[in-house]
Amino acid sequence: MEEERFISSIIHCYFIALGVILGGTFIGSIGAFATGEPPMTIMRRIARGLRIWAIVAAIGGTFDAISNFERGIYEGSTIDIVKQVLLIVFAMAGVQTALLIIEWFTQESVD
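This is a predicted model, so every value here is computed, not measured.

Caption draft 1: Here's a closer look at the nonpolar core. Core analysis: the largest hydrophobic core is formed by 19 residues, its most contacted members being Ala17, Ile21, Leu87, Ala91, Val95, Leu99 and Ile102. Only α1 (2-34), α2 (39-58) and α4 (78-106) provide two or more residues apiece to this core. Element by element, the count of residues in this core is highest for α1, at 7 residues. When near neighbours in sequence (up to four residues on either side) are disregarded, isoleucine 21 contacts Ala47, Leu50, Arg51, Ala54, Val95, Ala98, Leu99 and Ile102.

Right under this line is the structure:
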């Protein structure tokens, strides 16, 4: 039961991070288009700026992650640390996937 919830959480983290980047970038580029700025250039800039925020949003905020790390260290529960690291890794994978999609769309690298 616990493993199923954790796998579900990992999948949610991946897609939340992916959605934050893609949604923020595409909606932000509509705003750039409306103000007369080049949307493709703005898309790359927005995607770069949203990377860390997508990871934070995907793992549910930094306080939960820090408290889980603290519990793992002070209570000797290494499984909590491993779970948090896996959640962060999958959130980062979602960000990287979104950046790849944006690179394909804009035909330029997102640094």
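Caption draft 2: Structural view of the environment of alanine 47. Assignment of secondary structure puts alanine 47 in helix α2. Taking the relative accessible area as the measure of exposure, alanine 47 reaches 0% and is therefore buried. C-alpha separation for the pair alanine 47 and valine 95, spaced 48 residues apart in sequence, amounts to 9.2 Å. Excluding its chain neighbours within four sequence positions, the residues that come into contact with alanine 47 are Ile21, Thr25, Leu99, Ile102 and Val110.

Caption draft 3: Focus on α4. Taking 1.5 Å of rise per residue, the 29 residues of α4 would be expected to cover 42 Å, and the 42 Å separating its terminal C-alpha atoms lies within 8% of that figure. Here α4 has its buried residues at Asp80, Gln84, Leu87, Ala91, Gly94, Val95, Ala98, Leu99, Ile102 and Thr106. Directly after α4, the chain includes glutamine 107, whose backbone phi takes a positive value near 60°.

Caption draft 4: Local environment of the confidence of the model for the protein. Summarising the model, the protein shows a mean pLDDT of 87, and 93% of its residues fall at 70 or more. By mean pLDDT, the top-scoring element of the protein is α1 (92), and the lowest-scoring one is helix α3 (residues 62-74) (70).

Caption draft 5: Up close: the packing of aromatic side chains. The full count for this structure, using the stated rule, is 2 aromatic pairs. Arranged with centres 4.9 Å apart and planes meeting at 85°, the rings of tyrosine 14 and phenylalanine 15 form a pair that is edge-to-face. A centroid spacing of 5.3 Å and a plane angle of 85° characterise the contact between phenylalanine 26 and phenylalanine 105, whose relative ring orientation is edge-to-face. Of the two residues, phenylalanine 26 sits in helix α1 while phenylalanine 105 sits in helix α4, which places them 79 residues apart along the sequence. With relative accessibility at 46%, the residue phenylalanine 105 sits in the partly exposed group. Above the face of the phenylalanine 6 ring, lysine 83 is positioned so that its terminal group lies 5.5 Å from the ring centre.

Thresholds applied
Residues numbered from 1 in each chain as written. Predicted model: local features only at pLDDT ≥ 70, side-chain atom pairs only at ≥ 80, totals over all residues. Heavy atoms only, no water. Core = buried A, V, L, I, M, F, W, Y, C linked by side-chain atoms within 4.5 Å. Buried < 20%, exposed > 50% of the residue type's maximum accessible area, 1.4 Å probe, protein only. Helix = DSSP H or I, 4+ residues; strand = E, 2+ residues; numbered from the N terminus. Contact = heavy atoms within 4.5 Å. Expected span 1.5 Å × (residues − 1). pLDDT = per-residue confidence, 0-100. Phe/Tyr/Trp six-rings, centres within 6.5 Å; stacked < 30°, edge-to-face > 60°. Lys NZ or Arg CZ within 6 Å of the ring centre and 35° of its normal.

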